[in-house]
Amino acid sequence: MLTSIKTNSFEGNKSKELGMMYFRVAIILFGAQLLFGLVAAFQFLVPGFLFELLDFSVARMVHINALVVWMLYAMIGSVYYMLPDETGVETVGVGLGKLGFWVLTVAVTIVVLVYIFVQVGAGTEASIWLIHEGREYIEAPRWADIGIVVVVLLFYWNVFASYMKGKQTGIMTVMVANLLALAGLYMAGMFFTDNISMDQFWWWWVIHLWVEATWEVFVGTLAAYALIKIIGAKREVVEMWLWIEVLMLFGSGILGMGHHYFWIGTPEYWWEIGALFSALEPVPLIAMFVHVLYDWGKEQGIAHAEGKTGTVANNTPALSWIVMNAFGNFLGAGIWGFFHTLPQVNIYTHGTQFTAAHGHLSFFGAYATILIGMIYMGVQGAYGVEKMKSTFKTKMALFLIAFGVMGMTIALTIAGYEQVLVERAELGATWNAFFVAQELPWYVQAQLWRAVMGVVTFVGFIYLVWDLLTIGTQAKKVQA
Ligand code: HEM
Ligand code: HEM
Ligand SMILES: [Fe+2]
């Protein structure tokens, strides 16, 4: 992982080096995300823990903002990494990209420090500019918002200009168009209104249209690129799948946004629109699942028929994480999402721990997995190894992180189930009912198990970092 700083095998390819810079910060922020998650989880069990030092509201805020930011870093890193391979030319304006990287990293550091050191105070115009904007997941203060827009414009220019200069593959065409939408949507979450319904209305344009439309398409392009690189899948097949996925993802995901418009004061026709289109959202996720396993099985089968033994993959850690993505995306977003997407169900589950269960499994399954896979591809490239095999540490990381997140998801699903029964159905969703439900054993025990599984996840993360730091050298030795 660290090799790429000075001695790497990119042969002067600056775009890939830049990609690795983003990957490194992504991993650090991922670690921070988990640590703050552990603090927040512990506060469910011991509410006074770190009170007035690191309040739950702040721990939770850092946890979920770090999540979004590390994923954006890993996404930008992935694009810089794949760009020269896809376009066939050196990325235009890598120097600007480096400048953008440093501006972004300094801004993120300042924002996090401000979150931690200024925890309470009046909500004024100044706090929107300097402290945070108070929109879940995208809480950066306005000065940082503007900085982010500038950095993203630099990034987009790099991608677009390289695309125009080089080859225009199907994968890159989807990437360039989709990134424009992804970046543009960020602006829907940047203006202030004191009407909470309006605020939520636009805020979902960012959150929902990111995770259920543009980020999913992004993942589709990454999977397409990675399958070609890792198992030698045929470009024509992969790109055909990609276009179908794009059609289905946007076809269901855009109006699927209605599932967030059930109870915020938007017109009631959103019930039907949201129910119908969001219920279709799992369909492309099934397609993506089938696609990855189909290509893998096909290439493996061809290799065996030719009398070759062993795996076709030249990077088993990356392939493992990408296969995990196929499962996790379908389970976390598709199944756990579908559970609560109809208004008849959502009226009971809305905002319970069930939502948090879905939030964890989907963000992990759909995004964390494949981005980790891309980082492994980066490591392979940086060390210049032709075949990178999973080590004991790779497997421990994969197993413990997956087991931990699944465990947290099940625990939270149980807590949510209890809330639905007691707080919503039995006690009628009153203020008091909320607290009663949180004191019952099912809820308390579920929160305990979530904390335990959180620790398991964190141990897996330590294995992951250890593996990323060592696997390249090891693979190089084997190769030599
Ligand atoms: C990878 C894709 C997805 C991610 C990362 C994701 C993530 C999330 C998160 C974090 C929330 C909670 C937002 C909040 O703080 O209020 C949420 C809410 C929700 N998600 Fe997803 N989601 C994904 C896909 C889906 C899909 C495909 C469906 C439906 C089939 C779905 C249905 C819902 C619903 C109905 C809610 C509202 C829950 C409530 O009323 O409390 N999600 N999602
Ligand atoms: C060490 C492991 C982790 C622990 C202990 C943990 C703990 C927590 C806690 C306590 C919350 C606040 C829940 C609430 O407000 O009721 C939370 C929220 C959240 N976490 Fe984690 N988390 C961990 C890992 C992860 C991972 C790996 C992801 C995704 C990749 C993730 C994504 C989220 C999301 C999306 C939310 C907001 C959910 C919502 O409000 O609906 N967390 N987490
Ligand atoms: Fe949604």
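Residues numbered from 1 in each chain as written. Chains lettered and ligands numbered in written order. Predicted model: local features only at pLDDT ≥ 70, side-chain atom pairs only at ≥ 80, totals over all residues. Heavy atoms only, no water.

Asks: So what's going on with a nonpolar patch on the surface? Residues and values would help.
Replies: A surface patch of nonpolar side chains, about 620 Å² in accessible area, is lined by V106, I110, W129, L130, W143, I146 and V150. A total of three residues in the nonpolar patch trace back to one element, the largest contributor, which is helix α5 (residues 142–165). Assignment of secondary structure puts I110 in helix α3 (residues 94–117). (Patch = residues over 30% accessible without salt bridge, like charges linked within 9 Å, V, L, I, M, F, W, Y side chains within 5 Å. Areas by Shrake-Rupley, 256 points an atom, 1.4 Å probe, with all protein chains shown as cover. Salt bridge = Lys/Arg side-chain N within 4 Å of Asp/Glu carboxyl O. Helix = DSSP H or I, 4+ residues; strand = E, 2+ residues; numbered from the N terminus.)

Asks: I'd like a description of the coordination of the iron ion (ligand 3), backed by residues and values.
Replies: Protein-derived ligands of the iron ion (ligand 3) are H208 (ND1), E212 (OE), H259 (NE2) and H260 (NE2), with the metal-ligand distances lying across 2.1 to 2.2 Å. Taken together, the four donor atoms coordinating the iron ion (ligand 3) span angles of 88 to 140° at the metal, a pattern that classifies the geometry as irregular. All donor residues of the iron ion (ligand 3) come from one chain, and their arrangement in sequence is H-x3-E-x46-H-H. A separation of 4.4 Å is found between the iron ion (ligand 3) and the iron atom of ligand 1. Linking E212 in helix α7 (residues 196–231) with H259 in the loop between α8 (235–256) and α9 (269–280), this pair joins segments that are 47 residues apart in sequence. Grouping residues by exposure puts E212 and H259 together as buried. (Donors = N, O, S within 2.8 Å, 3.2 Å for Na, K, Ca; no water. Tetrahedral: all angles 85-135°; square planar, octahedral: opposite > 155°, others 65-115°. Buried < 20%, exposed > 50% of the residue type's maximum accessible area, 1.4 Å probe, protein only.)

Asks: Break down the site of ligand 1 for me, with residues and values.
Replies: Around ligand 1 sit 25 residues in total, of which N346, H350, G351, T355 and H358 are the nearest. One of the side-chain nitrogen or oxygen atoms of E136 is found 3.0 Å away from an oxygen atom of ligand 1. In this structure, a nitrogen atom belonging to ligand 1 sits 2.8 Å away from a side-chain N or O atom of H358. Among the secondary structure elements, those contributing two or more residues to the shell around ligand 1 are α7, α11 (316–339) and α13 (353–383). (Near = heavy atom within 4 Å. Polar contact = N/O pair within 3.5 Å; in protein donor to acceptor, adjacent residues only side chain to side chain.)

Asks: Any details on the coordination of the iron atom of ligand 2? Residues and values, ideally.
Replies: Taken together, the protein donors to the iron atom of ligand 2 comprise H63 (NE2) and H360 (NE2), at separations of 2.0 Å. Here the iron atom of ligand 2 is ringed by six donor atoms whose angles at the metal span 87 to 180°, and the overall shape comes out octahedral. Taken together, the residues H63 in helix α2 (residues 56–87) and H360 in helix α13 connect sequence positions 297 residues apart. Accessibility expressed as a relative area gives 14% for H63, which makes it buried.

Asks: Please set out unusual backbone geometry residue by residue, giving values where relevant.
Replies: Phi at E11 takes a positive value of approximately 50°, unusual for a residue other than glycine. Relative to the helices and strands, E11 is located in the segment before α1 (14–45). With phi around 75°, Y137 is a residue other than glycine that occupies positive phi space. Mapped onto the fold, Y137 is located in the loop between α4 (125–130) and α5.

Asks: Give a detailed account of the packing of aromatic side chains, specifying residues and quantitative values.
Replies: Tallying each qualifying case throughout the model produces 41 aromatic pairs. The interplanar angle of 15° and the centroid separation of 6.0 Å between the aromatic rings of Y186 and W210 together place this pair among those described as stacked. Of the two residues, Y186 is situated in helix α6 (residues 170–186) and W210 in helix α7; the sequence distance between them amounts to 24 residues. With a centroid separation of 6.0 Å and an interplanar angle of 40°, the aromatic rings of Y269 and W270 are classed as tilted. Among the aromatic residues, those joined into a cluster by ring pairs are Y137, Y186, W203, W204, W210, W215, F363 and Y367. A cation over a ring is seen here: K16 above Y81, with NZ or CZ 4.1 Å from the ring centre. Directly above the aromatic system of W129 lies the positively charged group of R142, at a separation of 5.3 Å from the ring centroid. (Phe/Tyr/Trp six-rings, centres within 6.5 Å; stacked < 30°, edge-to-face > 60°. Lys NZ or Arg CZ within 6 Å of the ring centre and 35° of its normal.)

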